[in-house]
Amino acid sequence: MNPTPGQPTAPGTSARPHAPYQPTTPGAPWRHHAPARPGPRAVRQSPVGPTTLLVIAKEPLPGRVKTRLTPPYSPELAARIAEAALADTLRAVLAMPARRRVLVLDGRAGRWLPPGFDVVPQCAGGLDERLAAAFAGCAGPALLIGMDTPQVTPALLAPALADDAWRGCDAWFGPAADGGFWALGLAEPRPGLLRGVPMSTARTGAVQRRRLTEAGLVVRDLPELRDVDTAEDVAQVAAAAPHGLFAAAVAAGAAR
């Protein structure tokens, strides 16, 4: 989840699943090359709602994603598992009402990206800066999730995306079992609430939630989920969500 800063695509545009994206010069918007032929899913209309849905992710390339899974998994299998986790996440997001669906991406979009998403490159800096920048690019309420919880379902996201989700509520918080968080929603973009929060530690979630409450925000909680970081996490999450692409990728890898 790193590199170059860029500008979001125009609201209402959608990235196609076979069209590669690549950064140009630092600070310049990504270019969309070779428009792809829309597939059968391109004609489907996703539900509309008041909230922007953000997914922050890294291109699933061997050696760049899920490095903590190797060993026991090979870099290639770890990348396939990461791609399946991302695909399951995007599928859940597409099923939910949203004002706009944005993939905040480190890398280039591939065939795993369905129609219906705007693609925005991640800015430079630490994870706190990249999360802050994702919210800064939004207008109005936004809910951000990552690619490490493929067990996420529309039902789990529903409370934060209901018509009355922001009535008497300023923020939504989804804690992760490892002490981090898997979801964060803000009624108004306030990037400063994320900057400086220590990321990828056992206290990240506690510090982030305290930031929200100390700023006077009314916070509602989503259910706790387990992030996929280790081989044990892979087994536990695949068992909890046996019918998704993630579980299928894990099973296929075990059969090799």
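Each remark here, short or long, concerns the structure printed above.
These notes cover the structure that comes with them. (Residues numbered from 1 in each chain as written. Predicted model: local features only at pLDDT ≥ 70, side-chain atom pairs only at ≥ 80, totals over all residues. Heavy atoms only, no water.)

Let's talk about the overall build of the protein chain
Thought 1: Along its length, the protein chain carries 6 helices and 9 strands.
Thought 2: Taken over 256 residues, the protein chain has a buried fraction of 49%.
Thought 3: Put simply, 67% of the contacts in the protein chain that link residues at least 6 apart link residues at least 24 apart.
Thought 4: Surface summary for the protein chain: the accessible area is close to 11,600 Å², and the carbon and sulfur share equals 54%. (Helix = DSSP H or I, 4+ residues; strand = E, 2+ residues; numbered from the N terminus. Buried < 20%, exposed > 50% of the residue type's maximum accessible area, 1.4 Å probe, protein only. Contact = heavy atoms within 4.5 Å. Areas by Shrake-Rupley, 256 points an atom, 1.4 Å probe, with all protein chains shown as cover.)

Things to note about the side chain of D118
Thought 1: Relative to the helices and strands, D118 resides in strand β5 (residues 118-121).
Thought 2: A distance of 2.4 Å separates polar atoms of two side chains, one belonging to D118 and the other to R100. (Polar contact = N/O pair within 3.5 Å; in protein donor to acceptor, adjacent residues only side chain to side chain.)

Some thoughts on the nonpolar core
Thought 1: Core analysis: the biggest nonpolar cluster contains 37 residues, and L86, L90, L103, W112, L113, L157 and W182 have the highest contact counts within it.
Thought 2: When contributions to this core are tallied by element, the ones reaching two or more residues are β3 (52-58), α1 (75-94), β4 (100-106), β6 (142-145), α3 (154-161) and β8 (181-186).
Thought 3: Dropping the residues within four chain positions of it, L103 is found in contact with V55, A57, L86, L90, W112, L113, F117, D118, V119 and V120.
Thought 4: Formed by 25 residues, the second largest nonpolar core is a distinct cluster that contains F135, L184, V197 and M199. (Core = buried A, V, L, I, M, F, W, Y, C linked by side-chain atoms within 4.5 Å.)

Looking at the sheet that holds β4
Thought 1: Taken together, the 7 strands give an open sheet; going across it, the order is β5-β4-β3-β6-β8-β7-β9, and neighbouring strands pair in mixed fashion. With one partner strand each, in any of the chains shown, β5 and β9 (219-221) form the two edges of the open sheet. Sheet twist, expressed as the average angle between the axes of neighbouring strands with direction ignored, equals 20°.
Thought 2: Taken together, the 4 bridges between β3 and β6 define a ladder with parallel strand orientation. Pairing of V55 across the sheet is with I145, part of β6.
Thought 3: Where α1 meets the sheet, it contacts β3, β4 and β6, and its direction lies at approximately 175° from that of β3. (Pairing = 2+ DSSP bridges. Axes fitted to C-alpha atoms, helices over the stretch in contact; angles between N-to-C directions.)

Some details on the packing of helix α5 (residues 231-240) against helix α6 (residues 245-255)
When two helices pack together, their arrangement is given by the angle between the helix axes and the distance between those axes.
Thought 1: Put simply, α5 and α6 touch, their axes get as near as 9 Å, and they point 125° apart. It follows that α5 is oblique to α6 by the angle criterion. Seen from above, α5 lies across α6 with left-handed handedness. Note on element contacts: α6 touches α5 through F246, A247 and V250, opposite V234, V237 and A238. (Parallel < 35°, antiparallel > 145°, perpendicular 65-115°, else oblique. Left-handed = near helix turned anticlockwise from the far one by under 90°.)

Brief notes about the environment of A142
Thought 1: With respect to the helices, strands and loops of the structure, A142 is situated in strand β6.
Thought 2: Along the chain, A142 and R99 lie 43 residues apart, while their C-alpha atoms are 9.0 Å from each other.

A look at the pattern of salt bridges
Thought 1: By the definition in use, this model includes 9 salt bridges.
Thought 2: For D148, the salt bridge goes to K66, with nearest N and O atoms at 2.7 Å. Note that D148 is positioned in the loop between β6 and α3 and K66 in the loop between β3 and α1, a separation of 82 residues in sequence.
Thought 3: In this structure K66 comes out as buried when scored by relative accessible area, which is 16%. (Salt bridge = Lys/Arg side-chain N within 4 Å of Asp/Glu carboxyl O.)

Focus on the pairing of β4
It is a general feature of regular strands that their side chains alternate between the two faces of the sheet.
Thought 1: Within β4, 7 of the 7 residues are buried, leaving the element largely enclosed by the surrounding structure.
Thought 2: Every second residue of β4 is oriented toward a common face, with R100, V102, V104 and D106 on one face and R101, L103 and L105 on the other, all of them buried.
Thought 3: Where β3 meets β4, 7 bridges bridge the pair, whose relative direction is parallel. Bridging from a neighbouring strand, A57 pairs with L105 of β4.
Thought 4: This β-α-β element, β3 to α1 to β4, shows right-handed connectivity.
Thought 5: Relative to β5, β4 runs parallel, the two sharing 4 bridges. (Right-handed = clockwise from strand over helix to strand, strands pointing away.)

Quick notes on the pairing of β8
Thought 1: Where burial is concerned, most of β8 is hidden: 6 out of the 6 residues are buried.
Thought 2: Here β6 runs beside β8; their pairing, made up of 4 bridges, is antiparallel. The residue of β8 that forms the bridge with L144 is L184.
Thought 3: Of the strand pairs in this sheet, strand β7 (residues 171-175) and β8 are connected by 5 bridges, and their pairing is antiparallel. Each bridged residue has a counterpart across the sheet, and for F173 the counterpart in β8 is L184.

Note that all results are geometric; they support no functional claim without further evidence.
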